[in-house]
Amino acid sequence: MNSPQRSPDMLSKNADGIVWMFRSMERSENIARLIEAGLRIALTRSGEAPDEWRSILTTVGATDGFERHGSGEYTAAVVTNYLLRARTNPGSVMALIESARTNARTVRTAITQELWEATNECYMTMRDRLSRQVRSTELVHVLGEIRRQSALVRGALHGTMLRNDAFSFAQIGTYLERADNTARIIDMKYYVLLPSLSMVGSSLDNVQWDTILRSLSAQRGYHWLHPEGRAAFNIASFLILDDRFPRSLAFSVGRVQESLRWLEQAYGERHTAHDMADDLHRELAGATMEGIFDFGLHESLQRYLHLVGMLARQIEHDFRFRVA
Amino acid sequence: MVDRVPFDEMFGSSEDTPRPPYREYESWFREQDGNWIQRKSREAEQFFRTTGITFAVYGEDDAEERLIPFDVVPRILSASEWSRLTRGIEQRVRAINAFLHDIYHRQEILRAGRIPQRLIAENSAFLDQMIGFNPPGGVYTHILGVDLVRTGPDRFYALEDNARIPSGVSYMLENRETMMSMFPELFSRLRIREVSDYPQRLRRALEAAAPPACKGTPVIAVLTPGIHNSAYFEHAFLASQMGAQLVEGHDLRVEGGRVAMRTTRGYRPIDILYRRVDDEFLDPLTFRSDSVLGVPGIMDIYRAGGITIANAPGTGIADDKAIYSYMPDIVRFYTGERPLLENVPTYRCSEPDSLGYVLDHLDELVVKEVHGSGGYGMLVGPTASKRQISAFRKVLLADPANYIAQPTLSLSTVPTMTRDGLSPRHVDLRPFVLVSPGRVDITPGGLTRVALKKGSLVVNSSQGGGTKDSWVLDE
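Novice: What should I look at first to understand the packing of helix H2 (residues 50-59) of chain A against helix H4 (residues 76-84) of chain A in this one?
Specialist: Two quantities define a packed helix pair, namely the angle between the helix axes and the distance between the axes. Residues and elements named next belong to chain A. One way to put it is that H2 packs onto H4 with a least axis distance of 10 Å and a crossing angle of 15°. If you check the angle between H2 and H4, you find them roughly parallel. Judged by the twist between their axes, the crossing of H2 over H4 is left-handed. Contacts from Trp 53, Ile 56 and Leu 57 of H2 reach H4 at Ala 76, Val 79, Thr 80, Tyr 82 and Leu 83. Here the contact of H2 with H4 is composed, by residue class, of 7 nonpolar, 1 polar and no charged.

Novice: Would you explain the interface of chain A and chain B in this entry?
Specialist: Note: interface size is frequently given as the accessible area lost on complex formation between the parts. Chain A puts 31 residues into the contact, and the matching count from chain B is 27 residues. Summing both sides of the interface, chain A and chain B together bury roughly 2500 Å²; the carbon and sulfur share of this comes to 45%. Three residues stand out in chain A for area buried against chain B, namely Asp9(A), Leu11(A) and Arg105(A), and they jointly supply 27% of the buried area on that side. For the pair chain A and chain B, the interface holds 3 salt bridges. The closest approach of N and O atoms between Arg268(B) and Asp9(A), which form a salt bridge, is 3.4 Å. Across the chain A-chain B interface, the total number found is 15 residue pairs in polar contact (both at pLDDT 80 or more). Looking at the side of chain A that touches chain B, the elements that each hand over two or more residues are helix H1 (12-44), helix H5 (93-106), helix H6 (113-129) and helix H13 (249-267) of chain A.

Novice: When you look at the pairing of strand S4 (residues 220-223) of chain B in this model, what are you seeing that I'm missing?
Specialist: The side chains of a regular strand alternate, first on one face of the sheet and then on the other. All names here are of chain B. Of the two faces of S4, the one carrying Ile 220 and Val 222 and the one carrying Ala 221 and Leu 223 are both buried. Summarising the sheet, S4 and strand S9 (residues 272-275) pair through 4 bridges and their orientation is parallel. Within S9, the position partnered with Leu 223 by the bridge is Arg 275. Sheet topology note: the S4/strand S5 (residues 245-247) ladder contains 3 bridges and is parallel. Across the sheet, the residue bridging to Leu 223 is Val 247, located in S5. Taken together, S4, helix H9 (residues 232-242) and S5 constitute a β-α-β crossover, and its handedness is right-handed.

Novice: Can you walk me through H4(A) in this structure?
Specialist: Owing to its 3.6 residues per turn, the α-helix brings residues three or four apart onto one side. Residue and element names in this part refer to chain A. Most of H4 sits out of view: 7 of its 9 residues are buried. Those residues of H4 that fall on the buried side of the exposure criterion are Ala 76, Val 79, Thr 80, Asn 81, Tyr 82, Leu 83 and Leu 84. Lining the buried residues of H4 we find H1, H2, helix H3 (63-69), H5 and helix H7 (136-160).

Novice: Hey, could you run me through the sheet that holds strand S7 (residues 258-263) of chain B in this one?
Specialist: Adjacent strands of a sheet form backbone hydrogen bonds with each other and so pair up, either parallel or antiparallel. All names here are of chain B. If you trace the 3 strands from one edge of the open sheet to the other, you get S6-S7-S8, paired in antiparallel fashion. Only two strands of the sheet have a single partner each, and these edge strands are strand S6 (252-255) and strand S8 (266-269). The sheet shows a mean angle of 45° between the axes of neighbouring strands, taken without regard to direction. Across 4 bridges, the pairing between S7 and S8 is antiparallel. The residue of S8 that forms the bridge with Met 261 is Arg 268.

Novice: Help me understand the nonpolar core in this model?
Specialist: The nonpolar side chains of soluble globular proteins are, as a tendency, buried together. Within the largest apolar cluster, 101 residues are counted, with the highest numbers of intra-cluster contacts made by Phe169(A), Leu239(A), Ile240(A) and Ile315(A). The element contributing the most residues to this core is helix H8 (residues 165-188) of chain A, with 12 residues. What Phe169(A) contacts, discounting residues up to four positions off in sequence, is Met10(A), Ala15(A), Ile18(A), Val19(A), Leu263(A), Tyr267(A), Phe319(A), Phe321(A) and Thr264(B). Core analysis: the next-biggest nonpolar cluster, separate from the first, contains 65 residues, Ala95(B), Phe126(B), Val331(B) and Val370(B) among them.

Novice: I would appreciate a short explanation of the pairing of strand S17 (residues 421-430) of chain B in the present structure.
Specialist: Residue and element names in this part refer to chain B. By the criterion of burial, S17 is predominantly enclosed, with 8 of the 10 residues buried. The sheet contact formed by strand S16 (residues 413-418) and S17 spans 6 bridges and is antiparallel. Bridge pairing in S17 places Val 414 opposite Arg 425. Both S17 and strand S20 (residues 447-451) contribute to a ladder of 4 bridges, which runs antiparallel. Residue pairing for S20: Arg 430 is matched across the bridge by Leu 447.

Novice: When you look at the sheet that holds strand S14 (residues 379-380) of chain B in this model, what are you seeing that I'm missing?
Specialist: Residue and element names in this part refer to chain B. Read across the sheet, 4 strands follow the order S12-S15-S13-S14 without closing on themselves; strand pairing throughout is antiparallel. The open sheet has two edge strands, strand S12 (347-348) and S14, and neither has a second partner. Judged from the 2 bridges that link them, S12 and strand S15 (residues 403-407) form a sheet pairing that is antiparallel. The partner of Arg 348 across the bridge, within S15, is Ile 404.

About the thresholds
- Residues numbered from 1 in each chain as written.
- Chains lettered and ligands numbered in written order.
- Predicted model: local features only at pLDDT ≥ 70, side-chain atom pairs only at ≥ 80, totals over all residues.
- Heavy atoms only, no water.
- Axes fitted to C-alpha atoms, helices over the stretch in contact; angles between N-to-C directions.
- Helix = DSSP H or I, 4+ residues; strand = E, 2+ residues; numbered from the N terminus.
- Parallel < 35°, antiparallel > 145°, perpendicular 65-115°, else oblique.
- Left-handed = near helix turned anticlockwise from the far one by under 90°.
- Contact = heavy atoms within 4.5 Å.
- Nonpolar A, V, L, I, M, F, W, Y, C, P; charged D, E, K, R; others polar.
- Buried area = accessible area lost by both parts, 1.4 Å probe.
- Salt bridge = Lys/Arg side-chain N within 4 Å of Asp/Glu carboxyl O.
- Polar contact = N/O pair within 3.5 Å; in protein donor to acceptor, adjacent residues only side chain to side chain.
- Buried < 20%, exposed > 50% of the residue type's maximum accessible area, 1.4 Å probe, protein only.
- Pairing = 2+ DSSP bridges.
- Right-handed = clockwise from strand over helix to strand, strands pointing away.
- Core = buried A, V, L, I, M, F, W, Y, C linked by side-chain atoms within 4.5 Å.

Dropping the structure here:
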């Protein structure tokens, strides 16, 4: 981004709303990806894949709600319905898109007409498509539609918004959420990625790896950079540390840091959040997979999740999202 | 009065010869395929949904967002009709501001005995806090929406002076956008006066009344009750279009002798607050203490010259329905001129003779609550059932002073698209008036509301009304 110039003050409420608007959009898209990966696994196996659906629910933190409200059947039909549209699920794709749109209405004056309309159309389109249970034959189309609508919103953001503080907060929301979601997705399968001689090369392994790559739309990127094939070590490194991959932890944290730095220049103010983002980014830039495995993959991911969460809260505090 | 054939603005008294302002449009319309226009009509709905120009209807279970129906046939006024109208509106609006100044200062009009003292003294719209105070620039009603109805080629009546928080201007603007995108050729064929610069005009009018504490370019904010308010879209729309902040009460607080908003860099002062929150909610320290929509202490800052509040608190005393009946006197008193806009003859039910007359003629009259708005709690005698009338009679007798009554005017009609093609429907017109120090600025046209039900005279959106684009033709 160019160096900042003076622009009108931004209401804290709008910064807060924009962060959550883009967190919700990002998360809804990631849930759609997870479902696609789950369906893929179910296809490659005969019958349902209850463990797979269970782990997807765990990844998005929806297990408790699912067991309380659902029939408890871990089948594609039941789980996808819960994740996509169940009214009892406050984190469903539909609920997230509605929340993104509500936030967009709240911050209407801080975003462009095109961005608002793209968000509103995303909501209207998905509300129609998710108004009743999605038939299995339709599922792939609906999931594609979610990704497409999300892309249109992102396109409107990048194509029409001024590069100002509002844009920076949109980036911060997007990439905080992405860092969080990516870490959770890898963590869901951390045991698959742990170098374990007994598992290497087994077919189960391959399917699981494939799920992870697909959940993060990383198949093509990974294979492009690693033509030698799948290896736990390389996959983990690609998803966590490779900042050429736009869904990696390092890339996402880098974008948050970059946006914070932009705000630092524009506002002429440096906060604790800047230090935290710099520290986290430095840590990821200097990290090696050996070190991560030594510390424990799961433990490392949990640590990153914790730091990302802390950073998000610090940003809310430093930019006065709530009344002190 | 009602059984007269209403005046149709397109055809007048003729069957098929359009009146001059509609001539060009009518000939264009005849060239078009009727089905195509019907299709366009449905397209308009999608346009509005995408824009998000929706409203919530109070009192409905399903608080879903709804659209105000839009009719694709415009309402058209000629340049000369418009210039005559604007002279009347300007005169009335100047009188209203002079009246407000007087009523909060020397009260000459009361001393002169033109208005009964008790109408002011007992009126909850009169705010003691405004007594002796001069609002910045001397402006009370920065924004005003005068509701006009028409009964003949040259007969316009002012039905209501919305001097508090007139709404609907976003519909005026979006209706025009919609028409231009659906029927671009019409806009090259006819010379229609622009409305799209309204937000800039509004900004200029507000800036011209900046408070003494303002240094440099005024910071303007629109105060909204929030996202669930039925007019939220309009609040956001106007703020967006004029480059103002859209704030809620909890974004603001008094700091360092100013009203300030919470920004990502701390509290920053606001110079001008275009508030879309009623007087009583504006300041919990001064008015309703349970209000969370306002700013504690804002009235003190206001009185100290730290902020401009638009419209000024206490303007409701001028558009009160009980005061309405005195408007011709008010215009004469402050301008020394004959009122150019007519007032609808009004019976004040607080007066025993008038009440007697009203009770005897309920089936002919429109009876309204003095403080009501939005078409709620009113009786339209000619279309009401016997049961409705007798129920209303009891309500009226319980508190006569709360009501006024007016004869049912035979409102003009404009052809409107229905399933069976064009059909006349009753309309009114709300032009939007901006007041800045020494200047009255009226956007050409305004919002035409149309009663979509056949024969209905109620144009309110909450009661089945729709809107039309309103055109003022260039000379």
